[in-house]
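# Descriptive analysis of the structure
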Amino acid sequence: MTTAARILVVDDEPDLLTLYELALIREGHQVQTASTLAEARSALAETTFDVLITDMRLPDGLGMELLRELAAARRPERSIMVTAYGSPETAVEALKAGAFDYLTKPVDLKQLRTVVASALQDAPAPARAAAPVASAAPAASQAATARPAPATLSPAAPGVPAAPAFEGEDISPQGQAALARLVGQSPAMQMAKQRIAKVARSMAPVLVHGESGTGKELVANAVHACSHRASGPFVPVNCGAIPENLLEAEFFGARKGSYTGATQDRAGFFQAAAGGTLFLDEIGDLPLAMQAKLLRAIQERRVRPLGATQEEPVDVRIVSATHKDLAAQVQAGHFRQDLYYRLNVIELIVPPLRERREDLPLLCQALLARIASEAGSPPLALTPQLMRDIASQPLEGNVRELENLLHRAVALGEVALAGSPGALDWADAARIAAAATPAWPPPAAAMPVPALAAAYPAAPPYAQPPQAFQAPQTLPQMPPQTPSLQAPLPQAPFYGQPAAPAQPPQPYPLPSAVAAQPFVPPPAPAAFQPPAPTFAEQTARAAQAYGAPFSLEPAPAAPPAAPVSDAGLPPGEAVASGQTPLPSDLEAWLNEQERQVLIRALNETGFNRTAAAARLGLNLRQIRYRMARLGIVPPGSHAEESGNDGDDGEAA
């Protein structure tokens, strides 16, 4: 049963005030209402509440002002902002201002009770804390003694300093253990841990950004363990490892029969993480279509399983991580801008190993302890040579690469047993790590080449990584020389060595007869221009398109035409009347007659195919086909060379 709490509800709509009051009174809470900012300030000045629920827009101001005043005064009230539907930017701004959570209008009463219960869970509750204060101290001391120690703080690592406590942060033993798994006491790691403990109390989405191998999932697990959702599930999801066609079913679940093989209802990641934290690793690898669906699920806190017709509410906190620059992905159009602002309410930066190399001894001790525990061997320790070898590496793969190096050292017997004469204690390991210099700086360093050479002047040539070619910043001014064979240019100096002063090239002596001749540059080759296709080639292409036989070879000689009758009859009538003999090849005779007719029509129209076709009752396509079949080529070289067939404005 939920413990009774004092709740202040601020809204300018009387109906909503009554609705919220009745819903919360049924849960056993004490509810006080206010209609303006002034009434809310007066109520907060008189007493302390456990939860504050305020609308965004009020008659005398914005509810955001109330959130900022509570944060500035460091008051213990958990604030819940009620925003209008479709205003995600306002909700993100409220979370950044210190709100524990937000609700969108119209408010679902079931969701209201869930959010209020989450705000009251593990809350300071000063109004109700008077009675159990005395009994809380022994319990706290017992919890402190029962906290599990990390591997680096175990007796197997003598001389290791104790990790500093987080003063002012009420962190549970589970949260302390999760923070202890983030090994490191460097300033960068301490700042990261303090920020984790600070943002864990809120429901605001968290974006963990860091290079590959820095431990982003450990950071997300620490955020979950330090929050009021620590008793709920922590569900990590690698967004880049799920096939695109299964994303919706994996995230939101599926109903029986929604796809082939769905024999029963199946819960998704959102349902599995109910009451806990959903960790979306490599969020930048999600396709754009899935990004839109994820945005709605985060904004409305409702998901629709695959094959379902109704949405169902979900209660999860979203923690995402990526090694990509999401801002650049947004500019490139590969990531939705609205989803980016929804996820990036609070950003946690995980420092790379090159920025906290003083943590190398602690990391090595913790990793060796875990390797020995997994292998069932006695506790292991570093040797001086192994520590020097590891400290000289750039470790661009961060903690993951360090773990691989230690696994290799254990397999090759390069480690010592803890407490043996060759074992290295923590203090000596810290001195060796501080004195060692990596072989070369990591590629991500944005220092210019002169600065790199000054920073690492004594690095041996074999220890240098392959460098990309870089052009000199300025070119030496050479005096004009007569054309001659010049001496070879001096070789470039090695990396880290000072460059020799530039010397003008010395020409080789040439014979006087050769030197006296003026230099004449060879003529520039003329630009190649492909010749224009001839009319015959165009005709051949047309014949090929129409499927007619054609060749660029000269057409075979036509059989001699039948003699014209003395009466001047046309050839056809002369043959029919018997004045001329019958042709021996009727097809060739008919082709010749058609050829003569086409040539006459083309000659009378100046070889304009459009006009000739009109006179013969043909269309352009038909006359082209006949010309290609009979091998009719316009006379004159000009037409063949230019490809102009005399058609004025005809279209192919």
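Refer to the structure printed above.
Residues numbered from 1 in each chain as written. Predicted model: local features only at pLDDT ≥ 70, side-chain atom pairs only at ≥ 80, totals over all residues. Heavy atoms only, no water.

It is worth spelling out the overall build of the chain at this point. The secondary structure content of the chain amounts to 26 helices and 16 strands. Summarising the internal contacts of the chain: among those between residues at least 6 apart in sequence, 71% fall at separations of at least 24. Of the roughly 36,400 Å² that the chain leaves accessible, carbon and sulfur atoms contribute 56%. (Helix = DSSP H or I, 4+ residues; strand = E, 2+ residues; numbered from the N terminus. Contact = heavy atoms within 4.5 Å. Areas by Shrake-Rupley, 256 points an atom, 1.4 Å probe, with all protein chains shown as cover.)

Pairing in this open sheet of 5 strands is parallel, and the strands run β9-β10-β13-β8-β14 from one edge to the other. Looking at the sheet topology across the chains shown, the edges are occupied by β9 (234-238) and β14 (346-349). When the angles between neighbouring strand axes are averaged without regard to direction, this sheet yields 20 degrees. Bridge count between strand β8 (residues 206-209) and strand β13 (residues 317-322): 4 bridges; the pairing is parallel. Paired with Val-208 across the two strands is Ala-321, which belongs to β13. Of the strands in this sheet, β13 and β14 are in contact with helix α8 (residues 187-199), which crosses β14 at around 155 degrees. (Pairing = 2+ DSSP bridges. Axes fitted to C-alpha atoms, helices over the stretch in contact; angles between N-to-C directions.)

In this model, helix α12 (residues 288-300) (13 residues) spans 19 Å end to end at C-alpha, consistent with the 18 Å of a helix rising 1.5 Å per residue. For α12, the complete set of buried residues consists of Met-290, Gln-291, Leu-294, Leu-295, Ala-297, Ile-298, Gln-299 and Glu-300. A positive backbone phi angle near 55 degrees is found at Arg-301, which sits one or two residues after α12. (Expected span 1.5 Å × (residues − 1). Buried < 20%, exposed > 50% of the residue type's maximum accessible area, 1.4 Å probe, protein only.)

This part takes up the packing of aromatic side chains. Counted under the stated rule, the structure contains 5 aromatic pairs. Where Phe-251 meets Phe-269, the ring centres are 5.6 Å apart and the plane angle is 85 degrees; that geometry is what we call edge-to-face. With Phe-251 in helix α10 (residues 247-252) and Phe-269 in helix α11 (residues 269-272), this residue pair connects regions lying 18 residues apart in the sequence. On the accessibility criterion, Phe-251 (0% relative accessible area) is buried. In this structure Phe-269 comes out as buried when scored by relative accessible area, which is 19%. (Phe/Tyr/Trp six-rings, centres within 6.5 Å; stacked < 30°, edge-to-face > 60°.)

Here the focus is the sheet that holds strand β1 (residues 6-10). One open sheet accounts for 5 strands, arranged β2-β1-β3-β6-β7; its pairing is parallel. Each of the sheet's edge strands pairs with one partner strand only, and the pair in question is β2 (30-34) and β7 (101-104). Within this sheet the neighbouring strands show an average axis-to-axis angle of 20 degrees, counted without direction. Note that strand β6 (residues 78-83) and β7 share 4 bridges and pair parallel. In the strand pairing of β7, Ile-80 is matched with Asp-101.

Read these as layout, nothing more, since geometry by itself doesn't imply function.
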